[in-house]
Amino acid sequence: MNYQLGVDRIKIVVPSKDFDEDQTLKVTCELVCKGTMLGWYKDGRPLSSASDPRVNITFVAQNDRTSMDLVVERLLANDSGIYTCEAVDCITGQPANVSKEITINSKLADVLG
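## Examining the sheet that holds strand β7 (residues 65-72)
Within a sheet, neighbouring strands are paired by backbone hydrogen bonds and run either parallel or antiparallel to one another.
Part 1: Spatial ordering of the open sheet is given by β1-β3-β7-β6, a layout of 4 strands whose pairing is antiparallel. Edge positions in the sheet fall to β1 (10-13) and β6 (55-62), since each of these pairs with one other strand and no more. When strand polarity is set aside, the average angle formed by the axes of neighbouring strands in this sheet is 15°.
Part 2: Pairing of β1 with strand β3 (residues 25-31) involves 4 bridges; the strand directions are antiparallel. Within β3, the position partnered with K11 by the bridge is E30.

Structure, rendered in structure tokens:
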């Protein structure tokens, strides 16, 4: 996952880069063409509901855009990390990815604060 082709055609949309424990994270990966979304990763490891029941991934194709939503419920401090969306660039046909660092603030830090 070291390729960055087509980064102008793929982007991550997230309302904030900081969340608190127990909140819900919703991140959208948008491909500005009809293309193929391959998946979400956290710190290089694939995310799926099979490996973590708090995770839900949905795909949407509309007109000339494709998107993939990642939802992680009941966030924990160890959910902090680099979240990466991987897709196939619709122009080149090559894999492309984009990443965003997300921080989950611990409730313990607020108590000790």
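From this point, the discussion proceeds with the structure in view.
## A look at the pattern of salt bridges
Part 1: Counted according to the given criterion, the structure contains 7 salt bridges.
Part 2: Measuring nitrogen to oxygen at the nearest pair gives 2.8 Å for the salt bridge that ties R54 to D79. Here the residue R54 occupies a position in the loop between β5 (45-46) and β6, and D79 occupies one in the loop between β7 and β8 (81-88), the gap between them amounting to 25 residues.
Part 3: Residue R54 is classed as buried on the basis of its relative accessible area, which comes to 12%.
Part 4: Residue D79 is classed as buried on the basis of its relative accessible area, which comes to 7%.
Part 5: E73 serves as the salt-bridge partner of R74, at 3.6 Å between the closest nitrogen and oxygen.

## Notes on unusual backbone geometry
Part 1: Despite not being glycine, D43 has its phi angle at roughly 50°, a positive value.
Part 2: Summarising the element assignment, D43 is placed in the loop between β4 (36-42) and β5.

## A short note on the state of the cysteines
Part 1: In the structure shown here, the tally under the stated rule is 2 disulfides.
Part 2: The disulfide bridge from C29 ends at C85, spanning 1.9 Å between sulfur atoms. An S-S torsion of about -75° defines the bridge between C29 and C85 as left-handed. Remark: C85 occurs in strand β8 and C29 occurs in strand β3; sequence separation between them is 56 residues.
Part 3: Residue C85 is classed as buried on the basis of its relative accessible area of 0%.
Part 4: The disulfide that involves C33 links it to C90, with 1.4 Å between the sulfurs.

Each value, and the rule that gives it
- Residues numbered from 1 in each chain as written.
- Predicted model: local features only at pLDDT ≥ 70, side-chain atom pairs only at ≥ 80, totals over all residues.
- Heavy atoms only, no water.
- Pairing = 2+ DSSP bridges.
- Helix = DSSP H or I, 4+ residues; strand = E, 2+ residues; numbered from the N terminus.
- Axes fitted to C-alpha atoms, helices over the stretch in contact; angles between N-to-C directions.
- Salt bridge = Lys/Arg side-chain N within 4 Å of Asp/Glu carboxyl O.
- Buried < 20%, exposed > 50% of the residue type's maximum accessible area, 1.4 Å probe, protein only.
- Disulfide = S-S within 2.5 Å.

All we've got here are geometric facts, nothing functional implied.
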